[in-house]
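What follows is each chain in one-letter form.
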Amino acid sequence: MTAPDGTGRAAPDGTGMTGSGAGTGAPGGSGTTAPDGVRTTAPGGARPSVPVRAHTSVRGGAGASAPDGAGAATSDSAGVCAPDGADSERLARVFLSRVVEPGDETGGRWVRELGAVAVARRLREGTPRLPGVSDKRWAGLRARAERADPRRDLAAAREAGVRFLCPGDTEWPAQLDDLGDARPTGLWVRGRPHLRMWALRSVAVVGARACTEYGAHMAATLAAGLAERGWVVVSGGAYGVDGAAHRGTLVGGGATVAVLACGVDRPYPRGHTELINRVAQQGLVIGELPPGDHPTPSRFLVRNRVIAALTRGTVVVEAAHRSGSLVTARAAQRLGRHTMGVPGPATSALSAGVHELLRGGAVLVTDAAEIVELVGDMGELAPDRRGPVLPRDLLDADARQVLAALPGHGTAAPDDIARDARTTPDDVIARLYELRSLGYVERHGEGWRLTRQAVISARADRTGC
């Protein structure tokens, strides 16, 4: 018989009977197959060959075993029942990934307050209606729910070598929980590495799609440098800076993650199919949308919050004022992550957004060492930046003062040099002979003048070239 909440329960005689469309055992004890292809009873009314269990996170609508121990399929009449020991919570989240848009905070609040299984059941049944949505939106969610089939999505994922992660899984990156109600319902992951471990030391490198040669060069160079230092490079797989960052990491034999705004089994953009497939072989391709789902402009924007939350910091290489990569950077700032920008020409529109970001508190970086100094552990410091050491840098202060007192053209007497150097003529003569031995000055009669090489060196010192 069927319980009031639509939960099928085993009959007292041990014959499995389930509600909500599940199969019913025949009187003779022969099992009947449910519409979803799951056999509910073994011959003779015995237990199913695979034990049935209700996941501890399931609330309401979960199947329960009868007192005699006969198994009953876990069912919530939302198309996310969990027969044969499957995880109801996981099925419910797969269902929600098809029905609720990524980043939907209203949907996230439902899951937090009611649980994924209860939300999935109410979306499928349409009653009682979930709070906080208009009639139009509720109708749209219901239409999606009627078409959603979590088992079909999981089967397609297995065939494509894709796994589904739920919050609480050992591979789930806990930093995504910082997104609150905008946290992903789950993540579809393609690739062998352990996502949580990789995310612990990761940096996002993002920027303009229509980047300049300078932007592509900087993205590839930064990514390769981060890979050499053992950091994982995360980006969005798009044209321009994203693609350059992935390629720079792959060429360096490093680790990279592509976060897509579509199903991970269908790479987008199409022109990056080979690149994204290579990322999946050497690294990871992840996304919130189920297999086969397509990207939209809004999905690209909400995808960026995952990139920001997953990593320790975000580097923007090139970005115009309305660039989507700035959405990633601002999300990183809100989450308390490090935000960095690579400067460009002041006349370049593609660097205008980065420069505005730098004015708003982001940190200017020019190479991988400076990035690691910011996001890395204590002691991972970038080397000191200094110009080349010039020969006159090796002179002591008194000798440099005398050298500076000589005119650029013509000769000068020791008394005149002493006056400009604010010292005595005897001291000047001693210093002049030191400078002569080093090739800086030469004597002409009673006067002294700079050598040609000293003049060239002085000009280089002034220009910094």
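In the block above lies the structure referred to throughout.
Just so we're clear, the structure is a prediction, and the values are computed from it rather than from any experiment.

1. Points about the pattern of salt bridges
Phase 1 of the analysis: Counted by the stated rule, this structure contains 22 salt bridges.
Phase 2 of the analysis: Note that Glu89 is salt-bridged to Arg93, the shortest N-O span being 3.0 Å. On the criterion of helical spacing, the pair formed by Glu89 and Arg93 is a turn pair, its members being four residues apart in helix 1 (residues 88–99). Of the two residues examined, Glu89 and Arg93, each falls in the buried class.
Phase 3 of the analysis: Its salt-bridge partner being Asp153, residue Arg98 comes within 2.7 Å of it at the nearest N-O pair. Taken together, the residues span a long stretch of sequence, with Arg98 in helix 1 and Asp153 in helix 5 (residues 150–159) at a distance of 55 residues.
Phase 4 of the analysis: Ionic contacts of the salt-bridge type, sharing partners, join the residues Arg98, Glu101, Arg144, Asp153, Asp293 and Arg299 into one network.

2. Some details on the side chain of Thr106
Phase 1 of the analysis: Mapped onto the secondary structure, Thr106 falls in helix 2 (residues 105–114).
Phase 2 of the analysis: The exposure class of Thr106 is buried, given its relative accessible area of 17%.
Phase 3 of the analysis: Those residues in contact with Thr106 that lie beyond four places of it in its chain are Pro131, Gly132, Val133 and Arg137.

3. Concerning the packing of helix 1 against helix 4 (residues 135–147)
Phase 1 of the analysis: Contact geometry for helix 1 and helix 4: axes closest at 9 Å, N-to-C directions at 125°. On the basis of the axis angle, helix 1 is oblique to helix 4. The way helix 1 lies across helix 4 gives a crossing that is right-handed. Residues Phe95, Arg98 and Val99 of helix 1 form the contact with helix 4, whose participating residues are Leu141, Arg144 and Ala145.
Phase 2 of the analysis: Here the contact of helix 1 with helix 4 is built from residues that sort into four nonpolar, no polar and two charged.

4. Observations regarding the pairing of strand 7 (residues 313–316)
Phase 1 of the analysis: Neither face of strand 7 is open: one carries Gly313 and Val315, the other Thr314 and Val316, and all of them are buried.
Phase 2 of the analysis: As defined by bridge partners, strand 3 (residues 202–206) adjoins strand 7 across four bridges and the pair is classed as parallel. Across the sheet, Val203 pairs through a bridge with Gly313, a residue of strand 7.
Phase 3 of the analysis: Regarding the hand of the β-α-β motif, the stretch spanning strand 7, helix 11 (residues 324–334) and strand 8 (residues 338–341) is right-handed.

5. Quick look at the sheet that holds strand 1 (residues 162–165)
Phase 1 of the analysis: Ordered by their spatial adjacency, nine strands build an open sheet running 1-2-6-5-4-3-7-8-9, and the pairing between neighbours is mixed. Whereas interior strands pair on both sides, the edge strands pair on one side only; in this sheet they are strand 1 and strand 9 (363–364).
Phase 2 of the analysis: Inspection of the sheet shows strand 5 (residues 256–260) paired to strand 6 (residues 284–287) by four bridges, in the parallel sense. Directly across from Ala258, in strand 6, lies its bridge partner Val285.

What counts as what
Residues numbered from 1 in each chain as written. Predicted model: local features only at pLDDT ≥ 70, side-chain atom pairs only at ≥ 80, totals over all residues. Heavy atoms only, no water. Salt bridge = Lys/Arg side-chain N within 4 Å of Asp/Glu carboxyl O. Helix = DSSP H or I, 4+ residues; strand = E, 2+ residues; numbered from the N terminus. Buried < 20%, exposed > 50% of the residue type's maximum accessible area, 1.4 Å probe, protein only. Contact = heavy atoms within 4.5 Å. Axes fitted to C-alpha atoms, helices over the stretch in contact; angles between N-to-C directions. Parallel < 35°, antiparallel > 145°, perpendicular 65-115°, else oblique. Left-handed = near helix turned anticlockwise from the far one by under 90°. Nonpolar A, V, L, I, M, F, W, Y, C, P; charged D, E, K, R; others polar. Pairing = 2+ DSSP bridges. Right-handed = clockwise from strand over helix to strand, strands pointing away.

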